[in-house]
Amino acid sequence: MELLKNMTAVQNVQDADSLLGNLFWYSVGKQLINRKELEELVVDCGIDVAFMPNEIRSVDAFRRATKEAECKKATNVAGVYKNYIIREVYSDKDMIQRNIVVETVDQNGKRLDYDPQSGVVRLDKATKTLTTENQNDSVVLSMIQDINEKFHLYKDYHSAQHLRVMITAILKSMAPTPVRPNGGIYFVPISQRENLNNLIALCNGLKDSEGFKVAVVDSQENKNMINKKLIDQADEILEAAENGRDLRKSQLVELVKMANDTIEGYKNYREELFTNKDELEKKVLQAKAATERMLNDMRVK
């Protein structure tokens, strides 16, 4: 945080030659956005549609809608309440069935009772339609209505989390360097100024969301600070590789990608920013080599 406080940053600087880059941060508010509307916004902001979130699968919308329907209800008897739980009982290439299970908790008698088929909800994967069964339980009926409404919403609308993942992917393509240990604020080199402006336009075009940038002027102090963050980033990758024995295969693959992206990202930074570019690249290449050896060992086993 002290680095950020000390960094010389000014707004509304027009001369790119006097800048090292920009500090960038953003927020995404809770929302749902139609996929078609999101794609139109992405195109209007000059961003490659390849960054769009994956198509929404009806299966994912179904599982999300059913999971969110779970609830807990009191009864007329003190010490007795009911949990309405969703359990998946069957799935194949054609359909998914989830049951609404009613768990009655009797704290007085210290026992549990279950009704495993208070309600049944099925998704036809081909037609993307729901069929339901209900044993005349008013709570279950309300749950089924809620599931229907949310399913038809979620299969066409992206959530705020989908947007955050998309924005993170766009940002990663700009060779960002985090200026705080826990992220949240990033330095983006001046070579990515146009792409950053497009990303900010996207953030500001989303509901209850914002993107900000503050220009970082070319000064020796700022160069030293940015270089330190680049060194920290390289050290972090190397440390992760050295401790990679406890990582899963997918995490090792991601670490190799991070190393490749980091080295490629150096091309976006002005040469004068680096106090020792060769040493940075050496650390990242060591990390990449160590990680690839661990991946090869996994394949052999």
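Going by the structure above, here's the rest.
Being a predicted model, the structure only gives us computed values, none of them experimental.

> I tried to follow the packing of helix α5 (residues 160-172) against helix α6 (residues 193-205) on my own but got confused; where do I start?
Each pair of packed helices can be summarised by the angle the axes make with each other and by the distance between the axes. Packing of α5 against α6 brings their axes to within 10 Å, and their N-to-C directions diverge by 170 degrees. The angle between α5 and α6 falls in the class roughly antiparallel. Facing Met166, Ile167, Ile170 and Leu171 of α5, the residues of α6 in contact are Leu199, Leu202 and Cys203. In terms of residue class, the contact of α5 with α6 is made up of 7 nonpolar, no polar and no charged.

> I would appreciate a short explanation of the layout of surface pockets in the present structure.
Over the atoms rolls a probe the size of a water molecule, and its path tells where empty space is left. Estimated volume of the largest pocket: approximately 790 Å³. Considering the residues around the largest pocket, the lining is formed by 28 residues, among which Lys172, Pro176, Pro178, Gln233 and Met258 are closest to the centre. Breaking the lining of the largest pocket down by element, the ones donating at least two residues are α5, β10 (177-178), α7 (220-242) and α8 (249-265). Partitioning the lining of the largest pocket into residue classes produces 14 nonpolar, 6 polar and 8 charged. Its boundaries defined by the atoms lining it, the second largest pocket holds a volume of some 350 Å³. Of all elements in the fold, only α3 (58-68), β9 (157-159) and α5 reach the threshold of two or more residues within the lining of the second largest pocket. Ranked by the residues each element gives to the lining of the second largest pocket, the list is headed by α5, at 6 residues. Counted by class, the lining of the second largest pocket contains 10 nonpolar, 5 polar and 5 charged residues.

> Whenever I open this one, the pairing of strand β6 (residues 95-106) confuses me. Can you help?
Moving residue by residue along a regular strand, the side chains alternate between the two faces of the sheet. Among the 12 residues in β6, 12 count as buried, and that is most of the element. Alternating positions in β6 separate into two faces, Met95, Gln97, Asn99, Val101, Glu103 and Val105 on one and Ile96, Arg98, Ile100, Val102, Thr104 and Asp106 on the other, with burial throughout. Sheet topology places strand β5 (residues 80-91) next to β6; 11 bridges connect them, and they run antiparallel. By the bridge assignment, asparagine 83 is partnered in β6 with glutamate 103. Linking β5 to β6, which pair antiparallel, is a turn of 3 residues. Pairing geometry for β6 and strand β7 (residues 111-124), over 11 bridges, is antiparallel. The partner of isoleucine 96 across the bridge, within β7, is leucine 123.

> It is not clear to me how the pattern of salt bridges should be interpreted in this structure. Could you clarify?
Counted under the stated rule, the structure contains 19 salt bridges. Among the ionic pairs, aspartate 106 bridges to arginine 111, the shortest N-O distance being 4.0 Å. For aspartate 232, the salt bridge identified is with lysine 228, shortest N-O distance 3.1 Å. One end of the pair is aspartate 232 and the other is lysine 228, both in helix α7 and 4 residues apart, which spans about a single turn.

> What is the right way to read α8 from this model?
Side chains three or four residues apart in an α-helix point the same way, a direct result of the helix having 3.6 residues per turn. Compared with the 24 Å implied by 1.5 Å per residue over 17 residues, the 24 Å span of α8 between its first and last C-alpha is a close match. Regarding α8, the residues found buried are Leu252, Leu255, Val256, Ala259, Thr262 and Gly265.

> Sorry if this is basic, but what is going on with the sheet that holds β6 here?
In a beta sheet, neighbouring strands are held together by backbone hydrogen bonds and run either parallel or antiparallel to one another. In spatial order, the strands read β4-β5-β6-β7-β8; together these 5 strands make up an open sheet with antiparallel pairing. The sheet is open, and its two edges are formed by β4 (71-74) and β8 (129-134), each paired on a single side. On average, each strand axis in the sheet is inclined to that of its neighbour by 25 degrees, with strand direction left out of account. Running over the sheet, α3 touches β5, β6, β7 and β8 and is turned about 10 degrees from β6. Contacts from helix α4 (residues 138-154) reach β4, β5, β6, β7 and β8 within the one sheet, and its direction differs from that of β8 by about 175 degrees.

Rules and cut-offs
- Residues numbered from 1 in each chain as written.
- Predicted model: local features only at pLDDT ≥ 70, side-chain atom pairs only at ≥ 80, totals over all residues.
- Heavy atoms only, no water.
- Axes fitted to C-alpha atoms, helices over the stretch in contact; angles between N-to-C directions.
- Helix = DSSP H or I, 4+ residues; strand = E, 2+ residues; numbered from the N terminus.
- Parallel < 35°, antiparallel > 145°, perpendicular 65-115°, else oblique.
- Contact = heavy atoms within 4.5 Å.
- Nonpolar A, V, L, I, M, F, W, Y, C, P; charged D, E, K, R; others polar.
- 1 Å grid on protein atoms, 1.4 Å probe; cavity = no way out; pocket = protein on both sides within 12 Å on 5 of 7 lines; lining within 4 Å.
- Points joined across faces, edges and corners; volume = space filled by probe spheres on them.
- Buried < 20%, exposed > 50% of the residue type's maximum accessible area, 1.4 Å probe, protein only.
- Pairing = 2+ DSSP bridges.
- Salt bridge = Lys/Arg side-chain N within 4 Å of Asp/Glu carboxyl O.
- Expected span 1.5 Å × (residues − 1).

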